[in-house]
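# A structural walkthrough
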Amino acid sequence: MTLLETERVTVSPVRRGTTPRRTGRGRAGYFFVAGYAVLLLAFGVFPTGYAFYLSLTNDRGQFTGVNQFVKVVQDYRFAPAFTHMLVYLVMWLVTLVVVVVLTAVILRSRVRPGTSALFRFLYYIPGALAGVASVLVWLFMLDPDVSPVSRLLTALGFKTFAAVLAPGNLPLVLMLIAFWTGAGGWMVVMYGALNNIPDEVLEAARMDGAGPWRTAWHIQIPMIRQWIVYMTIMAFATGTQLFVEPQLLQTASLGRVSPTWSPNQLAYVYAFQQGDFNGAAAISVVLLAVGLLAAGLLVARSNLFTLDEK
């Protein structure tokens, strides 16, 4: 039997006007996505829509346009809260991107695989703690009376816990807490992204005379740019939701920290102390708009969702 005859026997033609049967794989995909879609609608889309409704109405359900936004923007606590958040975000994002990418590159190129696995595990451990637990750990570390690094704090001029929690120091303190809890997980992600770079590309760079730093700057970092942008977007979104850390610091400092230090704290005061849920919703919508604007700019400038053409 010739090869052509074998193909005629083994390959069954598809009748005209008929479509191939769908396997169960397509249904399985819809099944797995359905759970996420339900949770997204219940805890994402519907609450967001309700917040929009509240921000455009008053406590009697009457449509008021942008009056709620005008009210909260004119509040004397609004500008300081957003200024604090902006200063914190700049410190947090710059430190996160620089240190995480640099550490991941060093682990990838300078540390043996077995040792790097140990380092990645140690980096990830702080991220396993909940936000409240992390704040409590740092409250212990920053109190000169009980801290194991009290000599360092005293040498830096922080002789009392109140001096550490001075208003000017809060962005730095909150940045340290956020970095300690969140940077380790991103180091693991960046290390995995660097491992996806083909060894042939790195070998070609070495043959062309590129050293470790030139290879990192001109090859490795550009090839993981989309992951860096993704990390920045997620970290920005997390930073705008700052609430637990300053709230606990406000309690621990016996009122030395402002109860409206961050926008989320201000929204909490509007909702649960003043009973103004419409104003709280307006602040939430402003935060959502800021996050969407920043994410949109990063996605547009980085081509985050552009597929590589093969």
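Residues numbered from 1 in each chain as written. Predicted model: local features only at pLDDT ≥ 70, side-chain atom pairs only at ≥ 80, totals over all residues. Heavy atoms only, no water.

## So, the overall build of the chain
A tally of regular secondary structure across the chain gives 15 helices and zero strands. Scored against the burial criterion, the 310 residues of the chain give a buried share of 35%. Long-range pairs, those at least 24 residues apart, make up 66% of the contacts in the chain between residues at least 6 apart in sequence. Of the roughly 19800 Å² of accessible surface on the chain, a fraction of 66% belongs to carbon and sulfur atoms. (Helix = DSSP H or I, 4+ residues; strand = E, 2+ residues; numbered from the N terminus. Buried < 20%, exposed > 50% of the residue type's maximum accessible area, 1.4 Å probe, protein only. Contact = heavy atoms within 4.5 Å. Areas by Shrake-Rupley, 256 points an atom, 1.4 Å probe, with all protein chains shown as cover.)

## Looking at the packing of helix 12 (residues 225–240) against helix 15 (residues 277–302)
Two quantities define a packed helix pair, namely the angle between the helix axes and the distance between the axes. At a closest axis distance of 10 Å, the pairing of helix 12 and helix 15 adopts a crossing angle of 175°. Between helix 12 and helix 15, the angle is such that the two are roughly antiparallel. Residue-level inspection shows Arg 225, Gln 226, Val 229, Thr 232, Ile 233, Phe 236 and Thr 240 of helix 12 in contact with helix 15, the latter providing Leu 287, Val 290, Gly 291, Ala 294, Ala 295, Leu 298, Val 299 and Ser 302. Here the contact of helix 12 with helix 15 is built from residues that sort into nine nonpolar, five polar and one charged. (Axes fitted to C-alpha atoms, helices over the stretch in contact; angles between N-to-C directions. Parallel < 35°, antiparallel > 145°, perpendicular 65-115°, else oblique. Nonpolar A, V, L, I, M, F, W, Y, C, P; charged D, E, K, R; others polar.)

## Considerations on the nonpolar core
Judged by nonpolar contacts, the single largest core of 62 residues is most densely connected at Tyr 88, Trp 92, Leu 96, Val 100 and Leu 249. Contacts of Trp 92, omitting those with residues within four sequence positions, involve Met 175, Ala 178, Phe 179 and Ala 235. (Core = buried A, V, L, I, M, F, W, Y, C linked by side-chain atoms within 4.5 Å.)

## What about helix 11 (residues 212–223)?
It helps to recall that an α-helix has 3.6 residues per turn; residues three or four apart then point in one direction. Turning to helix 11, its buried residues number three or more, namely Thr 215, Ala 216, Ile 219 and Gln 220. Down the axis of helix 11, the sector holding all buried residues measures 130°, keeping them to one side. Turned more than 90 degrees away from the buried face of helix 11, the exposed residues are Trp 213, Arg 214, Trp 217 and His 218. At its buried positions, helix 11 is contacted by helix 4 (78–110), helix 9 (170–195) and helix 10 (199–207). (Arc of directions from axis to C-beta.)

## Regarding the side chain of Glu 245
Within the secondary structure, Glu 245 is located in helix 13 (residues 244–252). Arg 256 is the oppositely charged side chain nearest to the buried, salt-bridge-free Glu 245, at an N-O distance of 19 Å. Non-local contacts of Glu 245, meaning those with residues more than four positions away in its chain, are made with Val 135, Leu 174 and Ile 177. (Lys, Arg positive; Asp, Glu negative; His and termini not counted. Salt bridge = Lys/Arg side-chain N within 4 Å of Asp/Glu carboxyl O.)

## A short note on the confidence of the model for the chain
Detailed conclusions should not be drawn from predicted coordinates in areas where pLDDT is low. For the chain, the average pLDDT comes to 83, and 85% of its residues sit at 70 or higher. Taken element by element, the predicted model of the chain shows its lowest mean pLDDT in helix 1 (residues 3–10) (42) and its highest in helix 3 (residues 67–73) (95). In the predicted structure, residues 1–14 sits below a pLDDT of 50 and forms one contact with residues beyond four places in sequence or in another chain. (pLDDT = per-residue confidence, 0-100.)

## Things to note about the packing of aromatic side chains
Here the structure, examined in full by the defined rule, presents nine aromatic pairs. Summarising the aromatic geometry, the rings of Phe 31 and Phe 32 are spaced 5.8 Å apart at their centres and angled 70° between planes, so their arrangement reads as edge-to-face. Take Phe 32: its relative accessible area is 64%, and that puts it in the exposed class. An aromatic cluster is present here, built from Phe 243, Tyr 268, Phe 272 and Phe 277 joined pairwise through their rings. (Phe/Tyr/Trp six-rings, centres within 6.5 Å; stacked < 30°, edge-to-face > 60°.)

## Observations regarding the environment of Trp 213
By the element assignment, Trp 213 lies in helix 11. On the basis of relative accessible area, Trp 213 is assigned to the exposed category, the value being 56%. In this structure, the C-alpha to C-alpha distance between Trp 213 and Ile 106, residues 107 residues apart in sequence, is 9.6 Å. Setting aside its immediate chain neighbours within four residues, Trp 213 contacts Leu 102 and Ile 106.

## A short note on the pattern of salt bridges
For the structure shown, the criterion picks out four salt bridges. For the salt bridge of Asp 59 with Arg 60, the shortest nitrogen-to-oxygen distance reads 3.8 Å. The exposure class assigned to Asp 59 is exposed, which follows from its relative accessible area of 65%. A salt bridge links Asp 75 to Arg 77; the nearest nitrogen and oxygen atoms lie 2.8 Å apart.

## Examining helix 15
With 26 residues, helix 15 extends 37 Å from end C-alpha to end C-alpha; this agrees with the ideal 38 Å at 1.5 Å per step. Buried within helix 15 are the following residues: Asn 278, Gly 279, Ala 280, Ala 281, Ala 282, Ile 283, Val 285, Val 286, Leu 287, Ala 294 and Ser 302. Downstream of helix 15 by a residue or two, Asn 303 has a phi angle that is positive, lying close to 55°. (Expected span 1.5 Å × (residues − 1).)

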